[in-house]
Amino acid sequence: MVVRDGKLVKQSDVVREAVRAGEWKKALRIAKDFRINVTKAQREVMARAYECMVHPDFYRQIGTDIPRAIAQGKEVVSCLYGA
(Lines give C-alpha, C1' and ligand atoms only; values in the text may rest on other atoms or scores of the structure.)
Protein backbone atom coordinates (compact mmCIF):
# COMPACT_ATOMS: atom_id res chain seq x y z
CA MET A 1 0.00 0.00 0.00
CA VAL A 2 1.05 3.54 -0.75
CA VAL A 3 -0.23 6.67 0.94
CA ARG A 4 -1.39 9.27 -1.56
CA ASP A 5 -3.27 12.39 -0.50
CA GLY A 6 -3.82 10.84 2.91
CA LYS A 7 -5.42 7.70 1.43
CA LEU A 8 -4.06 4.19 1.09
CA VAL A 9 -3.69 3.09 -2.52
CA LYS A 10 -2.86 -0.46 -3.63
CA GLN A 11 0.37 -0.94 -5.54
CA SER A 12 -1.58 -2.67 -8.31
CA ASP A 13 -3.70 0.48 -8.72
CA VAL A 14 -0.52 2.55 -9.00
CA VAL A 15 0.68 0.19 -11.73
CA ARG A 16 -2.66 0.45 -13.56
CA GLU A 17 -2.44 4.25 -13.49
CA ALA A 18 1.16 4.14 -14.76
CA VAL A 19 0.19 1.81 -17.63
CA ARG A 20 -2.70 4.10 -18.62
CA ALA A 21 -0.33 7.09 -18.54
CA GLY A 22 2.34 5.27 -20.56
CA GLU A 23 4.79 5.43 -17.65
CA TRP A 24 6.29 2.04 -18.45
CA LYS A 25 9.41 2.37 -16.34
CA LYS A 26 7.35 3.17 -13.24
CA ALA A 27 4.87 0.38 -13.96
CA LEU A 28 7.61 -2.19 -14.49
CA ARG A 29 9.62 -1.02 -11.46
CA ILE A 30 6.67 -1.80 -9.20
CA ALA A 31 5.08 -4.79 -10.95
CA LYS A 32 8.30 -6.79 -11.39
CA ASP A 33 8.24 -7.62 -7.67
CA PHE A 34 4.60 -8.72 -7.45
CA ARG A 35 4.07 -12.33 -6.37
CA ILE A 36 0.28 -12.77 -6.31
CA ASN A 37 -1.38 -13.70 -9.63
CA VAL A 38 1.93 -13.28 -11.49
CA THR A 39 3.97 -16.23 -12.72
CA LYS A 40 7.71 -16.49 -12.27
CA ALA A 41 8.14 -16.19 -16.04
CA GLN A 42 6.05 -12.99 -16.13
CA ARG A 43 8.09 -11.51 -13.28
CA GLU A 44 11.32 -12.36 -15.08
CA VAL A 45 10.15 -10.71 -18.32
CA MET A 46 9.06 -7.57 -16.47
CA ALA A 47 12.29 -7.47 -14.45
CA ARG A 48 14.44 -7.85 -17.57
CA ALA A 49 12.51 -5.07 -19.33
CA TYR A 50 12.99 -2.74 -16.36
CA GLU A 51 16.68 -3.62 -16.09
CA CYS A 52 17.13 -2.97 -19.82
CA MET A 53 15.64 0.49 -19.30
CA VAL A 54 17.89 1.21 -16.33
CA HIS A 55 21.12 -0.47 -17.47
CA PRO A 56 20.95 -0.70 -21.28
CA ASP A 57 24.73 -0.74 -21.77
CA PHE A 58 25.17 -3.84 -19.65
CA TYR A 59 22.39 -5.75 -21.38
CA ARG A 60 23.68 -4.69 -24.79
CA GLN A 61 27.12 -6.07 -23.83
CA ILE A 62 25.68 -9.47 -22.97
CA GLY A 63 23.77 -9.60 -26.25
CA THR A 64 20.25 -8.79 -25.15
CA ASP A 65 17.95 -7.31 -27.78
CA ILE A 66 17.01 -4.22 -25.73
CA PRO A 67 13.95 -3.04 -27.72
CA ARG A 68 12.54 -6.57 -27.84
CA ALA A 69 13.04 -7.17 -24.11
CA ILE A 70 11.37 -3.85 -23.27
CA ALA A 71 8.48 -4.54 -25.64
CA GLN A 72 7.92 -7.96 -24.06
CA GLY A 73 7.89 -6.43 -20.58
CA LYS A 74 5.44 -3.75 -21.66
CA GLU A 75 3.20 -6.43 -23.15
CA VAL A 76 3.19 -8.48 -19.95
CA VAL A 77 2.50 -5.54 -17.63
CA SER A 78 -0.14 -4.25 -20.02
CA CYS A 79 -1.89 -7.64 -20.19
CA LEU A 80 -1.84 -7.97 -16.40
CA TYR A 81 -2.67 -4.40 -15.42
CA GLY A 82 -3.83 -2.58 -18.54
CA ALA A 83 -7.29 -1.18 -18.93
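Just above sits the structure.
I will try to describe carefully the structure that is included in this document. (Residues numbered from 1 in each chain as written. Predicted model: local features only at pLDDT ≥ 70, side-chain atom pairs only at ≥ 80, totals over all residues. Heavy atoms only, no water.)

Our next topic: a nonpolar patch on the surface. A contiguous nonpolar patch, built from Met1, Val3 and Leu8 and spanning about 370 Å² of accessible area, is present on the exposed surface. In this structure, Leu8 sits in strand E2 (residues 7–9). (Patch = residues over 30% accessible without salt bridge, like charges linked within 9 Å, V, L, I, M, F, W, Y side chains within 5 Å. Areas by Shrake-Rupley, 256 points an atom, 1.4 Å probe, with all protein chains shown as cover. Salt bridge = Lys/Arg side-chain N within 4 Å of Asp/Glu carboxyl O. Helix = DSSP H or I, 4+ residues; strand = E, 2+ residues; numbered from the N terminus.)

Okay, the side chain of Arg43 next. Relative to the elements of secondary structure, Arg43 occurs in helix H3 (residues 40–54). Buried charge without a salt bridge: Arg43, with Glu44 as the nearest opposite-charge side chain at an N-O distance of 6.9 Å. Those residues in contact with Arg43 that sit more than four places away from it in its chain are Lys32, Phe34, Arg35 and Val38. (Buried < 20%, exposed > 50% of the residue type's maximum accessible area, 1.4 Å probe, protein only. Lys, Arg positive; Asp, Glu negative; His and termini not counted. Contact = heavy atoms within 4.5 Å.)

Looking now at the nonpolar core. Counting 17 residues, the largest nonpolar core has Val15, Ala31, Phe34, Met46, Val77 and Tyr81 as its most contacted members. Secondary structure elements with two or more residues in this core: helix H1 (11–21), helix H2 (24–31), H3 and helix H5 (66–81). With residues near it in sequence (within four places) discarded, Tyr81 still touches Ser12, Val15, Arg16, Val19, Ala31, Phe34 and Val38. (Core = buried A, V, L, I, M, F, W, Y, C linked by side-chain atoms within 4.5 Å.)

A separate point is the packing of aromatic side chains. Scanning all chains against the criterion turns up 2 aromatic pairs. Judged by centre distance (5.6 Å) and plane angle (75 degrees), the rings of Phe34 and Tyr81 are edge-to-face. Of the two residues, Phe34 is situated in the loop between H2 and H3 and Tyr81 in helix H5; the sequence distance between them amounts to 47 residues. On the basis of relative accessibility, which here comes to 16%, the residue Phe34 falls in the buried class. Plain terms: the ring middles of Phe58 and Tyr59 are 5.1 Å apart, the flat faces sit at 85 degrees to each other, and that makes the pair edge-to-face. Of the residues examined, Phe58 reaches a relative accessible area of 45% and is grouped as partly exposed. (Phe/Tyr/Trp six-rings, centres within 6.5 Å; stacked < 30°, edge-to-face > 60°.)

To continue, consider the packing of H2 against H5. Taken N-terminus to C-terminus, the directions of H2 and H5 make an angle of 75 degrees; their axes are 10 Å apart at the nearest point. Here H2 is positioned roughly perpendicular relative to H5, judged by the angle of their axes. Touching Trp24, Ala27, Leu28 and Ala31 of H2 are Gly73, Lys74, Val77, Ser78 and Tyr81, all from H5. Split into classes, the residues belonging to the contact of H2 with H5 amount to 6 nonpolar, 2 polar and 1 charged. (Axes fitted to C-alpha atoms, helices over the stretch in contact; angles between N-to-C directions. Parallel < 35°, antiparallel > 145°, perpendicular 65-115°, else oblique. Nonpolar A, V, L, I, M, F, W, Y, C, P; charged D, E, K, R; others polar.)

Mapped onto the elements of the fold, Met53 is located in helix H3. Residue Met53 is classed as partly exposed on the basis of its relative accessible area, which comes to 22%. The contacts of Met53, once residues within four sequence positions are left out, are Trp24, Lys25, Leu28, Ile70 and Lys74.

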